[in-house]
Amino acid sequence: MAEGPTARPSVEAELASMVKYLDLYIRQKTDLYIQHYVLDPLDFVLRQVIYLSVVASLLVVGTLSISMGVILFVSTLISIWAALLLCGLASLLLAAGLAYFMFTRRLLLKTPKTVENA
């Protein structure tokens, strides 16, 4: 290495620093890629699954409570076996209607739109 105020580092030192900065750049880009394209979507999906499990359990409890109440109410008018049959038939018809509605719709995924500059 040359001495003096305008001394330049040797080629080996420049190469070593360039490799060090390239390594740092690649590590930063890899970390950002993992953060944005792996960890953030995974965090979003896990949070949505937790919300869905809480909502589903509350819906099950509410549906069971309402169905038991309807069965007991109808059983005051007719016998309990007939009330169970009527409520079971009504719930099956409702489930079939909901399944038909859910599975006959076309799924459209939202995609980003590109705009060409003319």
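Relevant structure appears above.
Thresholds applied
Residues numbered from 1 in each chain as written. Predicted model: local features only at pLDDT ≥ 70, side-chain atom pairs only at ≥ 80, totals over all residues. Heavy atoms only, no water. Helix = DSSP H or I, 4+ residues; strand = E, 2+ residues; numbered from the N terminus. Buried < 20%, exposed > 50% of the residue type's maximum accessible area, 1.4 Å probe, protein only. Areas by Shrake-Rupley, 256 points an atom, 1.4 Å probe, with all protein chains shown as cover. Contact = heavy atoms within 4.5 Å. Patch = residues over 30% accessible without salt bridge, like charges linked within 9 Å, V, L, I, M, F, W, Y side chains within 5 Å. Salt bridge = Lys/Arg side-chain N within 4 Å of Asp/Glu carboxyl O. Phe/Tyr/Trp six-rings, centres within 6.5 Å; stacked < 30°, edge-to-face > 60°. Axes fitted to C-alpha atoms, helices over the stretch in contact; angles between N-to-C directions. Parallel < 35°, antiparallel > 145°, perpendicular 65-115°, else oblique. Left-handed = near helix turned anticlockwise from the far one by under 90°.

### Observations regarding the overall build of the protein
Okay, step 1: Helix and strand counts for the protein come out as two helices and zero strands.
Okay, step 2: Within the protein, the fraction of its 118 residues that count as buried is 4%.
Okay, step 3: Summing over all exposed atoms, the protein offers an accessible surface of approximately 11400 Å²; the carbon and sulfur share of this is 72%.

### Brief notes about the environment of Ala 83
Okay, step 1: Within the secondary structure layout, Ala 83 lies in helix α2 (residues 80-104).
Okay, step 2: Each C-alpha atom, one on Ala 83 and one on Val 70, is 8.5 Å from the other, the two residues being 13 residues apart in sequence.
Okay, step 3: Aside from chain neighbours lying at most four places away, what touches Ala 83 is Ile 71, Val 74, Ser 75 and Ile 78.

### Notes on a nonpolar patch on the surface
Okay, step 1: On the surface, a cluster of nonpolar side chains totalling about 510 Å² of accessible area is made up of Tyr 33, Ile 34, Tyr 37, Val 38 and Leu 39.
Okay, step 2: Looking at where Val 38 falls in the secondary structure, it is placed in helix α1 (residues 11-75).

### Describing the packing of aromatic side chains
Okay, step 1: Scanning the model with the defined rule gives one aromatic pair in all.
Okay, step 2: Relative to Tyr 37, the ring of Tyr 33 lies with its centre 5.1 Å away and its plane at 40°, an arrangement referred to as tilted. Of this pair, Tyr 33 and Tyr 37 both sit in helix α1, four residues apart, which is roughly one turn of that helix. Accessibility assignment for this pair places Tyr 33 and Tyr 37 in one class, exposed.

### Looking at the packing of α1 against α2
Okay, step 1: Between α1 and α2, whose axes approach to 8 Å, the crossing angle comes to 135°. Between α1 and α2, the angle falls in the class oblique. The interaxial crossing formed by α1 with α2 has right-handed handedness. The segment α1 lies against α2, with Val 70, Ile 71, Val 74 and Ser 75 engaging Ile 80, Ala 83, Leu 84 and Cys 87.

### Considering the pattern of salt bridges
Okay, step 1: By the definition in use, this model includes three salt bridges.
Okay, step 2: Here Glu 14 makes a salt bridge to Arg 8, at a shortest N to O gap of 3.5 Å.
Okay, step 3: The class for Arg 8 is exposed, based on a relative accessible area of 61%.
Okay, step 4: Here Asp 23 ties to Arg 27 by a salt bridge, and the two come within 3.1 Å at their closest N and O atoms. In this pair, Asp 23 and Arg 27 both sit in helix α1, four residues apart, roughly one turn of the helix.
Okay, step 5: Accessibility expressed as a relative area gives 37% for Asp 23, which makes it partly exposed.

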